[in-house]
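Chain by chain, the residues run as shown.
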Amino acid sequence: MTGRDNDRRKFLKLGAAAAGGAMLPGASRGTEADGTPEWTRRMGKGVGSAPYGAPSKFESDVVRRAVPWLTASPESSVSFTPLHALHGIITPNGLAFERHHAGYPDIDPDRHRLMIHGMVDRNLVFTMDDIVRFPSESRIYFVECVANGGMEWRGAQMNGVQFTHGMIMCAEWTGVRLSTLLSEVGVKPGARWILAEGADNAIMNRSVPIEKAFDDALVVYAQNGEMLRPEQGYPLRLLVPGYEGNMNIKWLRRLELGDRPWFTREETARYTDLLPDGKARQFSWLHDAKSVITFPCPERGLKDKGRYEISGLAWTGRGRIDRVDVSADGGVNWRRARLTPPVLSKCLTRFNIDWTWDGGPALLQSRAVDETGYVQPSMAQLRAARGVNSVYHNNSIQTWRVAPSGKAFNVQLT
Ligand SMILES: Nc1nc2c(c(=O)[nH]1)N[C@H]1C(S)=C(S)[C@@H](COP(=O)(O)O)O[C@H]1N2
Ligand SMILES: [Mo]
């Protein structure tokens, strides 16, 4: 019998008692003896009470959260998406994780400009009005900070999926293909790289290979049907699907074309991976396949033993997720999970699998395989290949230990 059946039976029993005239145990002032709740007995709020709608007050703990000790200031910091409380694959705009290097500006779109220059036939400056006149596209892609899971390299640290995996979001982005803008300025022969630069106080910039521009890069102004949020780059952002988060330059103000990368701070002092042999890996843009179980997890444990649906998310920068396997015994036995459509390229993919919990201890894991055949590694495999000096690109298999109490904990298996 599932927990839900259990609840329904209890409810039916209470209902029968109430019909017999007995006061419901624990009935509050707001509930009549016949069980009709107050929200049914009175008219509700009128339209216009919430000109811009907000979630139910009962969902008030579903919020982005930061880790106070992690960063020195809230301006150069990160907040995490509450993955444990989300459904499907789309991240609501108000819950999308934030990663700012110098806070987020409040840009007047009428005064914002995008300049494209360098190895081009015509240097051009675009207003927002210019940009929205180009043919637009809407596509669903994830954005993941490459430091997602960075606190877990040397051992399990954060006891919650919001903090181990919450530097990720997935949205429908609307904008113009970067290649459309490039054909407007005309690319000079020999141009191989594009420097993308933001208008925030960090003036964050990264070198992007020109192939990405002719593949699927977008210059976006909308996210899930509305204009970008200020936190996400309003009014204009670069979107490089499948590449590490920092290359998706927010508050995009400048694109310069050149014949070599710029080797900016963000691709030398930062965003490189120190390997065991002392060499640093540079320009490691692509996110490899990764997955995580979002229920159960430390924030959402189990109640009674019985039937459950394990649910989680998988993604890869290389294209589509091909398969997700789930283990309940720390990787000894694996079962194939259902992928819930849509299964899109460079997008979060929702997986589900039925599981009967016997009430004993369990070690839950998920392992993603992408369309290239790449298999998500265990933490031990990742450490063997990359050492322990890395912060970025931790795509290892996550383990949740389920205790007989039903609580789940972040653990690492050696
Ligand atoms: N201009 C600018 N772009 C930026 C950043 C920034 O600080 N300034 N942060 C980058 C990093 S490190 C990441 S992970 C993503 C985060 O995007 P989000 O805040 O919309 O989640 O934006 C990237 N783009
Ligand atoms: Mo990031």
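Structural data are supplied above this passage.
None of the values given here were measured: they were computed from a predicted structure.

Draft legend 1. Here's a closer look at the site of ligand 1. Among the 20 residues in the neighbourhood of ligand 1, the closest are listed as Phe97, His101, Asp200, Arg237 and Lys250. In this structure, Phe97 approaches ligand 1 through a main-chain N or O atom, which is 2.6 Å from an oxygen atom. One of the side-chain N or O atoms of Arg237 is found 2.8 Å from an oxygen atom in ligand 1. Expressed as a share of its isolated accessible area of 530 Å², the protein-covered part of ligand 1 is 100%. In terms of residue count, the dominant contributor to the shell around ligand 1 is strand β2 (residues 98–100) (three residues). Tallied by class, the residues present in the shell around ligand 1 amount to seven nonpolar, seven polar and six charged.

Draft legend 2. Spotlight on the packing of aromatic side chains. A complete count under the given rule lists nine aromatic pairs for this structure. Here Tyr271 and Tyr392 contribute two aromatic rings whose centre-to-centre distance is 5.0 Å and whose plane-to-plane angle is 35 degrees, an arrangement assigned as tilted. Placement of the pair is Tyr271 in the loop between β12 (252–258) and β13 (273–274) and Tyr392 in the loop between α7 (379–386) and β22 (399–402), with a sequence separation of 121 residues. Tyr271 sits in the buried class, given a relative accessible area of 6%. According to the relative accessible area criterion, Tyr392 is buried, its value standing at 13%. Summarising the aromatic geometry, the rings of Phe283 and Trp285 are spaced 5.9 Å apart at their centres and angled 50 degrees between planes, so their arrangement reads as tilted. For Phe283, a relative accessible area of 19% translates into the label buried. An aromatic cluster is present here, built from Trp193, Tyr243, Phe263, Phe283 and Trp285 joined pairwise through their rings.

Draft legend 3. Structural detail: the pairing of strand β23 (residues 408–411). Sheet topology places β22 next to β23; four bridges connect them, and they run antiparallel. Bridge assignment links Trp400 to a residue of β23, and that residue is Asn410.

Draft legend 4. Spotlight on the sheet that holds strand β16 (residues 306–315). Read from one edge of the open sheet, four strands run β15-β16-β20-β19, paired in antiparallel fashion. Only two strands of the sheet have a single partner each, and these edge strands are β15 (290–295) and β19 (338–340). Each neighbouring strand pair of the sheet contributes to a mean axis angle of 35 degrees, computed without reference to strand direction. Two elements, β19 and strand β20 (residues 349–357), share three bridges in a ladder whose sense is antiparallel. Residue pairing for β20: Arg338 is matched across the bridge by Asn352.

Reading guide: rules and limits
- Residues numbered from 1 in each chain as written.
- Chains lettered and ligands numbered in written order.
- Predicted model: local features only at pLDDT ≥ 70, side-chain atom pairs only at ≥ 80, totals over all residues.
- Heavy atoms only, no water.
- Near = heavy atom within 4 Å.
- Polar contact = N/O pair within 3.5 Å; in protein donor to acceptor, adjacent residues only side chain to side chain.
- Areas by Shrake-Rupley, 256 points an atom, 1.4 Å probe, with all protein chains shown as cover.
- Helix = DSSP H or I, 4+ residues; strand = E, 2+ residues; numbered from the N terminus.
- Nonpolar A, V, L, I, M, F, W, Y, C, P; charged D, E, K, R; others polar.
- Phe/Tyr/Trp six-rings, centres within 6.5 Å; stacked < 30°, edge-to-face > 60°.
- Buried < 20%, exposed > 50% of the residue type's maximum accessible area, 1.4 Å probe, protein only.
- Pairing = 2+ DSSP bridges.
- Axes fitted to C-alpha atoms, helices over the stretch in contact; angles between N-to-C directions.

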